[in-house]
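This is what each chain is made of:
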Amino acid sequence: MVNVVEEKQIRKIEDFYDLKDEWENLEHGADMTVYQSFDWNILVVRELFKSFLCNYYTDLVIYRLVINKKPKIIMPIIIHKHSNKTKWFGRKKGMYLLGHASYSDYVNCIYDDASEEEFNTLMGYIARKNSNLNFFFDDIIENTAFNSFLRQTSLNKLDNTVSVHVNLQGNKEENYNGILSKHVRQNLRTAVNRMKRDGIEYRLEIVNHNIGDDVILDKLRQVHIDRMSEKNMIKTDIIHLISSHIRVKYRKYKEMHNNIIYDAMGSMENSVFVIVYLNDSIAGYLYGLKEDSCVRIMQNCFNEQYKFYSPMFRGAYDYILDCLKNEIEMVDFTRGDESYKYQLNGEEMQLVHYYGHL
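## Here's the deal with helix α11 (residues 260–267)
Then, in step 1: What α11 keeps buried is the set Ile-260, Ile-261, Tyr-262, Ala-264 and Met-265.
Then, in step 2: The inward-facing, buried residues of α11 abut α3 (38–50), α9 (214–232), β10 (271–278), β11 (281–291) and β12 (294–302).
Then, in step 3: One side-chain oxygen of the residue at the start of α11 lies 3.0 Å from the amide nitrogen of Ile-261, identifying that residue as Asn-259.

Here it is, written out as structure tokens:
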């Protein structure tokens, strides 16, 4: 058995397409999620190449462990050559898995099955080639072979974070409603009663494919921009107001000119949209990607003027009921511990973070 580590620097998007066949042969392993698919990562690479000063700060190198001429592990590494870390964006000098600091909620290398010895061979090679750089690995799912390897290395382990998912396997609507607390069921009824009292017509639209309508996509993007601006604008004093304005302006520019979610909405066939209309106006939406019998939700946002009616809490609940009828076994609300996820009977999954050198 001949083990060889090969490396390929990605200088243009066409270089990444050269990996398509071998990548897709590995992306269905048990530890892989939709964030390890080739179709998602081509969008991540495009976003990376369009980012500010990418060529100066960043190299993208694909390291591959090849056994008997067959790729066994693909490890796409962002080599950040100079630190440009600020409070809100940028990276420290070091090595990161592709997907770091993006909408890739779960980050990993690409493999079907791999042993600790094989991970060690590949990681050892990368460490020797870049001996002046630390690894920074974030958002690694705890129950994966790659994490089993990492936790036995000399890398420093940081505090875990969590993602939250709703497990629907074996459930029916009446069972699910019985699991929810009395308080949550009352809040769901209150949302509907408020709409009826104020003459608000509620409509839920579920779309299980990409949307080719730029008008709809632009409306969804604007809802997200408005919500992002509202959440990030801090007006407690002049210093926070100025810094918030800079941060919001930067993020607005990225939303309009380098927006991976907007690109995915218009191109990925496994897209899932859950759009809530109140009186035919978009009050909010969920957007995610379907992966086998699981849907990974990446955005949940609403129009602030409809906050009183809890449109997306009600919308998320109604979507879960729809999933129960359509053989969806999990709705994954991904990273973050927002309260609504737990109220909908969400369960935590641990995400592990490492840094250092081998």
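## Re the pattern of salt bridges
Then, in step 1: Under the criterion given, the structure shown has 19 salt bridges.
Then, in step 2: The residue Lys-72 makes a salt bridge to Glu-118 at a minimum N-O spacing of 2.9 Å. Remark: Glu-118 occurs in helix α5 (residues 116–129) and Lys-72 occurs in strand β3 (residues 70–80); sequence separation between them is 46 residues.
Then, in step 3: In this structure, Glu-291 and Arg-296 form a salt bridge, with 2.8 Å as the shortest nitrogen-oxygen distance. Both residues of the pair, Glu-291 and Arg-296, count as buried.
Then, in step 4: Each of Glu-6, Glu-22 and Arg-64 takes part in salt bridges that share partners, so that together they form one network.

## Some remarks on the packing of aromatic side chains
Then, in step 1: Tallied over the entire structure, the rule returns 19 aromatic pairs.
Then, in step 2: Ring geometry for Tyr-111 against Phe-119: centres 5.2 Å apart, planes inclined by 85 degrees, an arrangement best described as edge-to-face. Residue Tyr-111 shares its accessibility class with Phe-119, and that shared class is buried.
Then, in step 3: Aromatic side chains Phe-119 and Phe-146 sit 5.3 Å apart centroid to centroid with 50 degrees between the ring planes, which places their arrangement in the tilted category. You can see Phe-119 sitting in helix α5 and its partner Phe-146 sitting in helix α6 (residues 145–150), a full 27 residues away along the chain.
Then, in step 4: Here a set of aromatic residues connected by ring pairs shows up, and it is made of Tyr-111, Phe-119, Phe-135, Phe-137, Phe-146 and Phe-149.
Then, in step 5: Between Arg-203 and the ring centre of Tyr-277, over which it is positioned, the NZ or CZ distance is 4.1 Å.
Then, in step 6: The ring of Tyr-262 has Arg-221 lying over it, and the distance from NZ or CZ to the ring centre is 4.0 Å.

## What to know about the nonpolar core
Then, in step 1: Counting 79 residues, the largest nonpolar core has Phe-16, Trp-40, Phe-137 and Phe-146 as its most contacted members.
Then, in step 2: With seven residues, the single largest contributor to this core is α3.
Then, in step 3: Residues contacting Phe-137, with those up to four places away along its chain left out, are Ile-77, Met-95, Leu-97, Met-123, Phe-146, Leu-150, Leu-155, Val-352, His-353 and Tyr-354.
Then, in step 4: Leu-168, Leu-286, Tyr-309 and Cys-323 belong to the second largest nonpolar core, which has 34 residues in total.

## Quick look at the pairing of β10
Then, in step 1: Of all the eight residues making up β10, eight are buried; the element is thus mostly covered by neighbouring parts of the structure.
Then, in step 2: Residues Ser-271, Phe-273, Ile-275 and Tyr-277 of β10 are buried on one face, and the alternating residues Val-272, Val-274, Val-276 and Leu-278, pointing to the opposite face, are buried as well.
Then, in step 3: Both strand β9 (residues 202–207) and β10 contribute to a ladder of six bridges, which runs antiparallel. Residue pairing across strands places Leu-204 opposite Val-276, the latter belonging to β10.

## Some points on the side chain of Asn-41
Then, in step 1: Among the secondary structure elements, Asn-41 is positioned in helix α3.
Then, in step 2: Looking at Asn-41, its side chain comes within polar contact range of the main-chain oxygen of Tyr-35, at 3.0 Å.
Then, in step 3: Among all residues touching Asn-41, those that are not within four sequence positions of it are Phe-16, Trp-23, Tyr-35, Gln-36 and Leu-98.

Parameters and conventions
- Residues numbered from 1 in each chain as written.
- Predicted model: local features only at pLDDT ≥ 70, side-chain atom pairs only at ≥ 80, totals over all residues.
- Heavy atoms only, no water.
- Buried < 20%, exposed > 50% of the residue type's maximum accessible area, 1.4 Å probe, protein only.
- Helix = DSSP H or I, 4+ residues; strand = E, 2+ residues; numbered from the N terminus.
- Contact = heavy atoms within 4.5 Å.
- Polar contact = N/O pair within 3.5 Å; in protein donor to acceptor, adjacent residues only side chain to side chain.
- Salt bridge = Lys/Arg side-chain N within 4 Å of Asp/Glu carboxyl O.
- Phe/Tyr/Trp six-rings, centres within 6.5 Å; stacked < 30°, edge-to-face > 60°.
- Lys NZ or Arg CZ within 6 Å of the ring centre and 35° of its normal.
- Core = buried A, V, L, I, M, F, W, Y, C linked by side-chain atoms within 4.5 Å.
- Pairing = 2+ DSSP bridges.

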